[in-house]
Amino acid sequence: SLARVREELRGICGAEHVLVHPHALRTYESDGLLHHRVSPPVAVLPGSAEEVRWFQAPHAFPGHTINAYEQDGTIVFDLLETDGNGFAPVVPDKNGAPMRPDGLTTRHVRWRIDYLADDEHLVEREVLAIVNGEGPHIDPRRQLKPYRHMFVPTLDRGKLATDVNGRPYPVMFNQLSHFDLEAGTREDWYPGPAATFQDPVYFTKSPDVPEHDGYLI
């Protein structure tokens, strides 16, 4: 039941208050365990609470938001989306076994949301790039505006190694990648087998340089 799911989540995160959207979770039991499948809802908040609308996306594992802005009367909502357990590198499967970091695909996905639409099921989905990474950042000057460049840690699956216990590593990401969405290209920087990356911070060299001319920290 939804109440049982809410109590389980409270026990996991320790939060005093947990909000579970009633249409977001699909639950089923297998081998005596309760499993949850998520159909992520997207909330649009134009002003007051009475004006909030919930739009339903298909089953997926949504990751970090990249950017969002209005264009031609719709909301453009970009995020990273994984076709399975997005926490696979750090969360084991139901049997306690570690999951391989190269077993999932992460995509840069663009949704278009019409706040005034009669149907609240999202259908306008476009895959902009295969990323296989997480922690995206863009030029902060382009937040809430159309943008061209994205920087994100990614995983080069051809450079995975194995430790003494036979486990693949790194468990996170082994290179930094630059995606040019207009040109449809990417550049990767691999520092060597002893390095792993998490979220970078991007800033430009000066206020008036092009969007992609800056530094990653």
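Okay, so let's go over this structure.

## Topic: the nonpolar core
Counting 11 residues, the largest nonpolar core is built from Ile 66, Tyr 69, Val 76, Leu 80, Ala 129, Val 131, Ile 138, Tyr 147, Met 150, Val 152 and Phe 179. When contributions to this core are tallied by element, the ones reaching two or more residues are β5 (61-71), β6 (74-82) and β9 (149-154). Those residues within four positions of Ile 66 in sequence are excluded, and the remaining contacts are Asp 78, Leu 79, Leu 80, His 108, Pro 136, Ile 138, Tyr 147 and Met 150. Counting 10 residues, the second-largest nonpolar core is a separate cluster that includes Val 42, Phe 55, Ala 57 and Ile 113.

## Description of the pairing of β5
Regular strands have side chains that alternate between both faces of the sheet. Two elements, β5 and β6, share eight bridges in a ladder whose sense is antiparallel. Bridging from a neighbouring strand, Glu 70 pairs with Ile 75 of β6. If you look at the hairpin formed by β5 and β6, you'll find two residues sitting between the two strands, and Asp 72 has a positive phi there, around 55°.

## Some points on the sheet that holds strand β12 (residues 175-180)
Spatially, the three strands line up as an open sheet ordered β9-β12-β13, and their pairing is antiparallel. A strand with exactly one partner marks an edge of an open sheet, and here the two such strands are β9 and β13 (185-189). Going across the sheet, the axis of each strand differs from the next one's by a mean of 20°, ignoring polarity. Bridge analysis of β9 against β12 gives six bridges, and the strand direction is antiparallel. Of the residues in β12, the one forming a bridge with Met 150 is Phe 179.

## Quick notes on the packing of aromatic side chains
Scanning all chains against the criterion turns up three aromatic pairs. Ring centres of Phe 151 and Tyr 202 lie 4.3 Å apart, and the angle between their planes is 20°; this geometry places the pair in the stacked category. Here Phe 151 is found in strand β9, whereas its partner Tyr 202 is found in strand β14 (residues 202-204), with 51 residues between them in sequence. Ring geometry for Phe 203 and Tyr 215: centres 5.6 Å apart, planes at 35°, overall tilted. Pair noted here: Phe 203 is in strand β14 and Tyr 215 is in strand β15 (residues 214-216), with a separation of 12 residues, a long-range link.

## Points about a nonpolar patch on the surface
Among the surface-exposed residues, Val 201, Phe 203, Tyr 215 and Ile 217 lie close enough to one another that they form a single nonpolar patch of about 410 Å² accessible area. With respect to the helices and strands, Ile 217 occurs in the segment after β15.

Reading guide: rules and limits
Residues numbered from 1 in each chain as written. Predicted model: local features only at pLDDT ≥ 70, side-chain atom pairs only at ≥ 80, totals over all residues. Heavy atoms only, no water. Core = buried A, V, L, I, M, F, W, Y, C linked by side-chain atoms within 4.5 Å. Buried < 20%, exposed > 50% of the residue type's maximum accessible area, 1.4 Å probe, protein only. Helix = DSSP H or I, 4+ residues; strand = E, 2+ residues; numbered from the N terminus. Contact = heavy atoms within 4.5 Å. Pairing = 2+ DSSP bridges. Axes fitted to C-alpha atoms, helices over the stretch in contact; angles between N-to-C directions. Phe/Tyr/Trp six-rings, centres within 6.5 Å; stacked < 30°, edge-to-face > 60°. Patch = residues over 30% accessible without salt bridge, like charges linked within 9 Å, V, L, I, M, F, W, Y side chains within 5 Å. Areas by Shrake-Rupley, 256 points an atom, 1.4 Å probe, with all protein chains shown as cover. Salt bridge = Lys/Arg side-chain N within 4 Å of Asp/Glu carboxyl O.

In short, the description is geometric, and any link to function would need to be established separately.
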